[in-house]
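Each chain is listed here by its residues.
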Amino acid sequence: VCDDIKARIGIDRAKGTYPGYHYMRLALGEFIETRYKVKDLAFGQLTEQFIHDYQAFATEEKGYAIDTVRHHLAILKKICRLAYKKGYAEKCHFQHFALPRQSERTPRALSRESFEKIRDVEIPSYRKTHILARDLFLFACYTGVSYADVVSITDENLYMDDNGALWLKYRRKKNELRASVKLLPEALALIEKYKDDTRETLFPVIHHPNMKRHMKALAVLAGIKDDLCYHQARHSFASLITLEAGVPIETISRMLGHSDISTTQVYARVSPKKLFEDMDKFIEATKDFQLVL
């Protein structure tokens, strides 16, 4: 299955899909070798207890988070289903096994105050990579572009519409779906700041481990007490920049390149500020209504 996934990368599978299967196979191999003292097991040797034991191994001995364990178990069930369809197994193992419930986490967007602190923080000029990290973070706040995409977008991803407005259109690394967003003046200014015809990408590249370190340093420089991660910029675009400005959730979903609008709807948990604004609009719109009993 791993070899099949690798062969389909760029066709109907994103590059980021493969590592999940690869590391699941490593963990499963370690479990089989530890529990059964062999390198591999035939499908005919599987019992219903096998998947329960593997779940306990991944959770307790490997210390994986519940979402990681759930992902591993989902792959295992999928492989068993494929094996049954292709005739490698006499029955579809674990088809009635219920996956552990996925933990529900509200995406962590920045508050308006924290966003402004990051935007306005003065970073010494000699800290060039810290300035770049801050600017890449701000660009994500204004566009919703994830780290995997911001380090690969080029001039070819820029399009001008009939009204002369510039758009960023790209296929997401995560799911190959197209994301489209009209560029705000702040985003355009950042693109212009780093414009370099000798470089293929719109922005200089910061490797992910370095970006994570710079995010921690940026939080300190900006006086933000909570941890800061790059993906918060994408969440902030969805809620702080667009949703609170009244952009419809369907439009935000297209901007972010979500495959399912239910993913975007997580951001629609109303903030107190938006609640009061919406109630004011409702009161204004209904002030002339008369109640007839």
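Further up the page is the structure itself.
Here is a short report on the structure shown in this document. Worth saying up front: this structure is predicted, and the values here are computed from it rather than measured. Note that residues are indexed from 1 along each chain, following the sequence as it is written. Side-chain atom pairs in this predicted model are given and counted only at pLDDT of 80 or more, local residue features only at pLDDT of at least 70, and totals for whole chains, interfaces and linings cover all residues. As a rule here, side-chain values cover all heavy atoms of the structure and leave hydrogens and water aside.

1. Things to note about the nonpolar core
One broad trend across soluble globular proteins is that nonpolar side chains are buried collectively. For clarity, the threshold we go by: The set of buried Ala, Val, Leu, Ile, Met, Phe, Trp, Tyr and Cys residues whose side-chain atoms join them within 4.5 Å is what this entry labels a nonpolar core. The buried label applies to any residue whose accessible area, calculated with a 1.4 Å probe on protein chains only, is under 20% of its type's maximum; exposed applies above 50%, and partly exposed to all values in between. Strands are runs of DSSP state E lasting at least 2 residues, helices are runs of H or I lasting at least 4, and numbering of each runs from the N terminus.
Counting 51 residues, the largest nonpolar core has Ile118, Phe137, Phe139, Leu168, Phe203 and Tyr230 as its most contacted members. With ten residues, helix α6 (residues 128-143) is the single largest residue contributor to this core. Within the second largest apolar cluster, 20 residues are counted, among which are Leu46, Phe57, Leu73 and Phe94.

2. Here's the deal with the side chain of histidine 130
The following threshold applies: Residue contacts are counted whenever heavy atoms from the two residues lie within 4.5 Å of one another.
By secondary structure assignment, the location of histidine 130 is in helix α6. Among the residues examined, histidine 130 registers a relative accessible area of 18% and is labelled buried. Sequence-distant contacts of histidine 130, that is, excluding residues within four places in its chain, are made with Ile123, His214, Ala217 and Leu221.

3. Details of the pattern of salt bridges
A side chain with one charge can pair with a side chain of the opposite charge if their charged atoms come near. What counts, and what does not: By definition here, a salt bridge exists when the distance from a side-chain nitrogen of Lys or Arg to a carboxyl oxygen of Asp or Glu is within 4 Å.
Inspection of every chain in the model, using the stated rule, returns nine salt bridges. Here glutamate 33 makes a salt bridge to lysine 39, at a shortest N to O gap of 3.3 Å. On the accessibility criterion, glutamate 33 (40% relative accessible area) is partly exposed. Given the relative accessible area of 68%, lysine 39 is considered exposed. Its salt-bridge partner being glutamate 113, residue lysine 117 comes within 3.7 Å of it at the nearest N-O pair. Residue lysine 117 and its partner glutamate 113 are located together in helix α5 (residues 112-120), separated by four residues, close to a single helical turn.

4. Focus: the sheet that holds strand β1 (residues 158-160)
Using the following cut-off: Pairing between two strands requires that DSSP report at least two bridges joining them. Working convention: axes come from line fits to C-alpha atoms, limited for helices to the stretch in contact. Angles between N-to-C directions cover 0 to 180 degrees.
On the basis of which strands lie adjacent, the open sheet formed by three strands has the order β1-β2-β3 and antiparallel pairing. Two strands bound the open sheet, and with one partner strand each, they are β1 and β3 (178-182). Across the sheet, the axes of successive neighbouring strands diverge by a mean angle of 30°, strand direction being ignored. Sheet topology note: the β1/strand β2 (residues 166-171) ladder contains three bridges and is antiparallel. Its bridge partner lying in β2, tyrosine 159 is registered against tryptophan 167.

5. Observations regarding helix α11 (residues 249-256)
The criterion, for reference: The arc under discussion is defined with respect to the helix axis, by the directions toward the C-beta atoms.
Within α11, burial applies to Ile249, Ile252, Ser253, Met255 and Leu256. Looking straight down α11, one finds its buried side chains confined to an arc of 160°; they lie on one side. Positive phi appears at glycine 257, one or two residues downstream of α11, with a value of about 75°.

6. A closer look at the pairing of β2
The antiparallel pairing of β1 with β2 creates a hairpin that spans five residues between the two strands, and glycine 164 there sits at a positive phi of about 85°. The pairing of β2 with β3 spans five bridges and is classified as antiparallel. When the bridges of β3 are listed, arginine 171 appears paired with arginine 178.

7. Side note on a negative patch on the surface
Applicable threshold: Only residues above 30% relative accessible area that lack a salt bridge enter a patch, with like-charged residues linked at up to 9 Å and the nonpolar side chains Val, Leu, Ile, Met, Phe, Trp and Tyr linked at up to 5 Å. Here the open area of atoms and residues is found with the Shrake-Rupley method and a 1.4 Å probe, where only the protein chains shown may cover a residue. Two residue types count as positive, namely Lys and Arg, and two as negative, namely Asp and Glu; His and chain ends fall outside the count. To locate a charge, take NZ of a lysine, CZ of an arginine, CG of an aspartate or CD of a glutamate.
A contiguous patch of negative charge on the surface is contributed by Asp155, Glu156, Asp197 and Glu200. The exposure class assigned to aspartate 155 is partly exposed, which follows from its relative accessible area of 46%.

8. Focus on the packing of α6 against helix α10 (residues 231-242)
Stated formally: Crossings are sorted by hand: turned counterclockwise from the far helix by less than a right angle, the near helix makes the crossing left-handed, and turned clockwise it makes it right-handed. When residue character is reported, Ala, Val, Leu, Ile, Met, Phe, Trp, Tyr, Cys and Pro are called nonpolar, Asp, Glu, Lys and Arg charged, and the others, Gly included, polar.
Contact geometry of α6 with α10 gives a least axis separation of 6 Å together with a crossing angle of 35°. As for how α6 packs across α10, the hand of that crossing is right-handed. Residues Phe137, Ala140, Cys141, Tyr142 and Thr143 of α6 lie in contact with α10, whose contacting residues are Gln232, Ala233, Arg234, Ser236, Phe237 and Ile241. Its residues assigned to classes, the contact of α6 with α10 shows seven nonpolar, three polar and one charged.

9. With respect to the packing of aromatic side chains
Two aromatic rings, taken as a pair, are described by how far apart their centres are and by the angle between their planes. Applicable threshold: Aromatic pairing here means that ring centres of Phe, Tyr or Trp (its six-membered ring) are within 6.5 Å. Orientation follows from the plane angle: under 30 degrees is stacked, over 60 is edge-to-face, and everything else is tilted. A ring is considered to have a charge above it if a Lys NZ or an Arg CZ atom is located within 6 Å of its centre and within 35 degrees of its normal.
By the definition in use, this model includes twelve aromatic pairs. Each ring, one from phenylalanine 31 and one from phenylalanine 57, has its centre 5.3 Å from the other, and the planes form 50°; the classification is tilted. Note that phenylalanine 31 is positioned in helix α2 (residues 18-36) and phenylalanine 57 in helix α3 (residues 48-61), a separation of 26 residues in sequence. Of the residues examined, phenylalanine 31 reaches a relative accessible area of 0% and is grouped as buried. Geometry around tyrosine 159 places lysine 169 over its ring, the cationic atom sitting 5.6 Å from the centre. Above the face of the tryptophan 167 ring, lysine 169 is positioned so that its terminal group lies 6.0 Å from the ring centre.

10. Focus on unusual backbone geometry
In the Ramachandran plot, lysine 37 falls in the positive-phi region, its phi being about 60° despite a non-glycine side chain. Its location among the elements puts lysine 37 in the loop between α2 and α3. Notably, phenylalanine 94 is not glycine yet its phi reads approximately 65°, a positive angle. Along the polypeptide, phenylalanine 94 turns up in the loop between α4 (66-85) and α5. A residue is classified by how much of its surface remains accessible, and phenylalanine 94, at 2% relative accessible area, is buried.

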